[in-house]
Amino acid sequence: MLQLFVTNAGRVLSKQDLIDAIWPNVHVGDDSLFQCVREIRAALGDDQRQLIKLVSGRGYLFDGQVTVGPGGLGDEAQVPVATAGVEAVAVARAALAAEPARKRLRFGLRAALATAAGLGAVVGLAFAAPIFVPDFIFARKPPAVAAEQPVGVGEGQKLAELAASVADRLSAAVSLAAAAPVLTPDTMFPRKSPTIAMMPIVGVGDSQLVAEMAGDVTDRLTDGLARIDKLRVLAPRSQMASAVPQPVGAHPEADFVVSGELRLEGGAWTIQARMSNGATGELRWTNSVSVGIEKSDMTLQQIRLAAGVGHPLALRINAMINAGPAATDDDLAGGTAKVVIEQAMASINQTTPERFKAAQTMLEKAIAADPGNVDLAAALAAHLLRGIQMTWYNKAEVGETQRAAQSMLEQALRAKPTYIPVLEAYCRLLNTTNQFIESLVACGRVLTFDPWDGLAIYNLGLGQLRLGRFEDALATFKLAEQFDTPRTARWTWLLGAGLTLVVMDRNEEAIPYLTRSIAITPATGRSHAVLAIAYHRTGRTDEAKAALAKTMELRPGSTIANIRLDPKNASPVYNEASKRVEDTLLALGMAAK
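Procedures and definitions
- Residue numbering note: each chain is counted from 1, following its sequence as written.
- In keeping with the model being predicted, local features are shown solely for residues with a pLDDT of at least 70 and side-chain atom pairs are shown and tallied solely at 80 or more, while totals for entire chains, interfaces and linings include all residues.
- Only hydrogens and water are set aside when side-chain values are computed; all heavy atoms of the structure are taken into account.
- Only runs of H or I of at least four residues qualify as helices and only runs of E of at least two qualify as strands under DSSP, and these elements are numbered from the N terminus.
- Throughout this description, buried means an accessible area under 20% of the type-specific maximum (1.4 Å probe, protein chains only), exposed means over 50%, and partly exposed covers the range between.
- The criterion used for residue contact is that any of the two residues' heavy atoms lie within 4.5 Å.
- In short, Shrake-Rupley with a 1.4 Å probe defines the accessible areas, and a residue's cover is counted only from the protein chains shown.
- Any two strands are treated as partners once DSSP identifies two or more bridges connecting them.
- For the purposes of these results, a polar contact is taken to be a pair of N or O atoms within 3.5 Å, where, inside protein, one atom must be able to donate a hydrogen and its partner to accept one; residues adjacent in sequence count only when each atom of the pair is a side-chain atom.
- The nonpolar core is taken to be a set of buried Ala, Val, Leu, Ile, Met, Phe, Trp, Tyr and Cys residues, with the residues joined through side-chain atoms within 4.5 Å.
- Candidates for patches are residues over 30% relative accessible area with no salt bridge; among them, like charges are joined within 9 Å and nonpolar side chains (Val, Leu, Ile, Met, Phe, Trp, Tyr) within 5 Å.
- Here a salt bridge means any side-chain nitrogen of Lys or Arg lying within 4 Å of a carboxyl oxygen belonging to Asp or Glu.
- Pairing of aromatic rings covers Phe, Tyr and Trp, the last counted by its six-membered ring, and requires centre-to-centre distances within 6.5 Å; plane angles under 30 degrees mean stacked, over 60 mean edge-to-face, and any other angle means tilted.
- The criterion is that NZ of a Lys, or CZ of an Arg, lies within 6 Å of the ring centre and within 35 degrees of the ring normal, and then a charge sits over that ring.
- Any helix carries an expected span of 1.5 Å times its number of residues minus one.
- The arc under discussion is defined with respect to the helix axis, by the directions toward the C-beta atoms.
- Axes here refer to lines fitted to C-alpha atoms; in helices the fit is confined to the stretch in contact. Angles between the N-to-C directions go from 0 to 180 degrees.
- Reported orientations rely on four angle classes, namely roughly parallel under 35 degrees, roughly antiparallel over 145, roughly perpendicular from 65 to 115, and oblique for the rest.
- Each crossing gets its hand from how the near helix is turned against the far one by less than a right angle, where anticlockwise is left-handed and clockwise is right-handed.
- Polar here means any residue outside two lists: the nonpolar Ala, Val, Leu, Ile, Met, Phe, Trp, Tyr, Cys and Pro, and the charged Asp, Glu, Lys and Arg; Gly therefore counts as polar.
- Cysteine sulfur pairs qualify as disulfides if the two atoms are within 2.5 Å.

(A) Highlighting the overall build of the protein chain. Along the protein chain, the regular secondary structure elements total 25 helices and nine strands. When each of the 593 residues of the protein chain is scored for burial, the buried share is 51%. Restricting the contact set of the protein chain to residue pairs at least 6 apart, pairs at least 24 apart contribute 66%. Accessible surface for the protein chain amounts to roughly 26500 Å². Of this, 54% is attributable to carbon and sulfur atoms.

Have a look at this one:
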């Protein structure tokens, strides 16, 4: 992608131009494009977005001076930026190897740009490519592929450091791509992609407002479904939906038909949605979601209505695909395992060490009785990893707990490598083990199956935060808040937004997020510690002391050392900000050790 920008410097490239060039004949969503642009900006240190600029309503512009040496850009400019599989990496490496070392920086940042171009293409492919088999994720050693170290020439120490940093990222990305041929059988011989017909949601009643709202929610839901990997979406259009719900007829051109009705009653919007078999009309899924009209604008109400339907619908579609054509609705319902998981998930709210351990025991007993249940394995692995993130385990327990979670995920991924609950837990695993760059790809992979998945979005934000990408992290947490799915995890992205704002020293803005998070889940202790920092920095000393006292009540024996996050692999920018946060806690009286 960066090569495309450089060879078209000064020219606006539309999003569709970029998608067509980078991912020819592959359906990808805007998120894949946005992520590539973010990675390129990060690799170039373009935090102020002065090199790659967004031209509103038109696309992206590379606004950098490119000076071409005597050899010109040569054939390199004509090489496709990305092709299928490992070809992209092979092309990038061949082009880099063919160029003499003395020419690599003939125009400014050329070596860093060429390396970053390979990185951008590989990261983009990671989003668009099918999921790899678990042996690759956990055990199988990929073929060794060396990424040539570019040398910073003529730009000083800063350029040399940038070139080295970009080379390190490319080396990891090339290793990832080198294992791409190791694919699941379904990837080599893919099943037919299911087709969904999204019917216009009916606005019930005579109100023009309801009819318009129904149309807007239909559009948002259709757009979200169209972003799901390996799903074909048909959007039949009719005149404005009738004020009276009509029976949904057969649609043999689609595997499934999604329909619904929207009502405005009692100060809230309510959608009753359903999915039926396209040929027979048999009902396969139904769900109801309500969104209040107070304290939110119409756009937010539309977003939450679409997400409230789209999230459980995406989970259902994914479960049906992973269960296979022979699965019955009883199989998909989950039986006893679903009940156990729902009870354990309830511990996310009102979390205390006692409730957390009780939920863990519940899941462990269930999986002992049903050891092959992938849903239970994914739920228990995610629960253990959540405990590590929340520092509910002491240091002596962390290593064993992490290994247990990884072992369960290894088996679950072998059984269902494209199953959302398993991929969510894997995304969390990478964050918990401080593999932040890899976690961005893994969490993004979840979103290709469910664009409204708040748990994946939250973990994506955590990775961005630890990499020092504070503005991106804040925007990600706010996106999760907009979707508000699943609602049981609402407190997490509120805490994430509050923590990010404190790290950015925007403490007044942080306080409402933190107080709302605590109102939902008041017993974590960590939220109170972050709130204490925000209060102290804004001069609210008494409230700061009260919040810290609550932390010590909920987490006796808390010190800076035992509640801080592991700085391994975090960016220097984040670690410096984290040190300032710790200094504030010290000033408030928390012990260092």
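(B) View of the sheet that holds strand β3 (residues 59-62). Read from one edge to the other, the open sheet built from three strands follows the order β1-β3-β2, with strand pairing classed as antiparallel. Each edge of the sheet is formed by a strand with only one pairing partner; in this case those strands are β1 (12-13) and β2 (52-55). By the bridge criterion, four bridges tie β2 to β3 in an arrangement that is antiparallel. Pairing of Leu 54 across the sheet is with Tyr 60, part of β3.

(C) Inspection of the environment of Asn 459 at higher detail. Examined against the element boundaries, Asn 459 turns out to sit in helix α18 (residues 454-466). Each C-alpha atom, one on Asn 459 and one on Leu 440, is 8.3 Å from the other, the two residues being 19 residues apart in sequence. Residues within four places of Asn 459 in sequence aside, it is in contact with Gln 389, Cys 427, Arg 428, Asn 431 and Cys 443. In terms of polar contacts, Asn 459 uses its side chain to reach the backbone carbonyl oxygen of Leu 455, at 3.0 Å.

(D) The nonpolar core, seen in detail. The biggest cluster of nonpolar side chains holds 124 residues, and the ones touching the most others in it are Ile 271 and Met 275. Here this core takes eleven residues from helix α14 (residues 374-389), the largest share from any one element. Not counting the four nearest positions on each side in its chain, Ile 271 is found in contact with Ile 201, Val 217, Glu 261, Leu 262, Asn 287, Ser 288, Val 289, Leu 305 and Val 309.

(E) Highlighting a nonpolar patch on the surface. The grouping of Leu 209, Leu 264, Ile 293 and Met 298 at the surface amounts to a nonpolar patch, some 290 Å² of accessible area in total. Of note, Leu 264 is situated in strand β7 (residues 256-265). Since its relative accessible area comes to 35%, Leu 264 is described here as partly exposed.

(F) Focus on the packing of aromatic side chains. Overall, the coordinates contain three aromatic pairs when judged by the stated rule. Ring centres of Tyr 458 and Phe 477 lie 5.9 Å apart, and the angle between their planes is 45°; on these two criteria the pair is classed as tilted. Of this pair, Tyr 458 sits in helix α18 while Phe 477 sits in helix α19 (residues 470-483), and the two are 19 residues apart along the sequence. For the residue pair Tyr 458 and Phe 477, the accessibility class agrees, reading buried in each case. One cation-aromatic arrangement involves Lys 416 over Tyr 419; the distance from NZ or CZ to the ring centre is 4.6 Å.

(G) Here's a closer look at helix α16 (residues 420-432). Spanning 13 residues, α16 covers 18 Å between terminal C-alpha atoms, matching the ideal 18 Å at 1.5 Å per step. The buried count for α16 comes to twelve of 13 residues, which makes it a mostly enclosed element. When we look at burial in α16, the residues that qualify are Ile 420, Val 422, Leu 423, Glu 424, Ala 425, Tyr 426, Cys 427, Arg 428, Leu 429, Leu 430, Asn 431 and Thr 432. Following α16 by one or two positions, Asn 434 has its phi on the positive side, about 65°.

(H) Spatial organisation of the pattern of salt bridges. Summed over the entire model, instances satisfying the criterion amount to 16 salt bridges. The partner of Glu 471 in a salt bridge is Arg 506, with the nearest N and O atoms 3.5 Å apart. Note that Glu 471 is positioned in helix α19 and Arg 506 in the loop between α20 (490-503) and α21 (507-520), a separation of 35 residues in sequence. Assessed through its relative accessible area of 26%, Arg 506 is described here as partly exposed. A salt bridge links Asp 484 to Arg 487, with the shortest nitrogen-to-oxygen separation between them at 3.8 Å. Given a relative accessible area of 5%, Asp 484 falls into the buried group. Residue class for Arg 487 comes out partly exposed when judged on its relative accessible area of 42%.

(I) Seen up close, the side chain of Thr 476. Residue position: Thr 476 is located in helix α19. Classification of Thr 476 by relative accessible area gives buried; the value is 8%. In this structure, Thr 476 is in contact with Ile 457, Leu 460, Gly 461 and Gln 464, ignoring residues within four places of it in sequence.

(J) Structural view of the side chain of Thr 485. By secondary structure assignment, the location of Thr 485 is in the loop between α19 and α20. The class for Thr 485 is buried, based on a relative accessible area of 6%. A polar contact of 2.7 Å, which involves the side chain of Thr 485, links it to the backbone oxygen of Trp 452. If near-sequence neighbours (up to four positions away) are discounted, Thr 485 is found in contact with Ala 307, Gly 308, His 311, Trp 452, Asp 453, Gly 454, Leu 455, Ala 480 and Trp 493.

(K) Seen up close, helix α23 (residues 541-554). Taking 1.5 Å per residue, 14 residues should reach 20 Å; α23 reaches 20 Å between its end C-alpha atoms and fits that length. By the burial criterion, the buried members of α23 are Ala 544, Ala 547, Leu 548 and Thr 551. Within α23, the buried residues cover an arc of 95° as seen down the axis, which keeps them to one side. Opposite the buried face of α23, at more than 90 degrees from it, the exposed residues are Asp 542, Lys 545 and Glu 553. Buried residues along α23 sit against α22 (526-537) and α25 (572-588).

(L) Fine view of the packing of α16 against α18. In the contact formed by α16 and α18, the axes pass within 10 Å of each other and the chain directions differ by 15°. Our classification of the angle between α16 and α18 gives roughly parallel. Here α16 runs over α18; the crossing is left-handed. Residues Glu 424, Cys 427, Arg 428 and Asn 431 of α16 form the contact with α18, whose participating residues are Leu 455, Ala 456, Asn 459, Leu 460, Leu 462 and Gly 463. Residue classes in the contact of α16 with α18 are distributed as five nonpolar, three polar and two charged.

(M) Structural view of the state of the cysteines. One pass over the structure, following the stated rule, counts one disulfide. One disulfide in the model links Cys 427 with Cys 443; its S-S distance is 2.0 Å. In this structure the cystine formed by Cys 427 and Cys 443 twists about its S-S bond by roughly 75°; its chirality is therefore right-handed. Highlighted residues: Cys 427 in helix α16 and Cys 443 in helix α17 (residues 436-447), separated in sequence by 16 residues.

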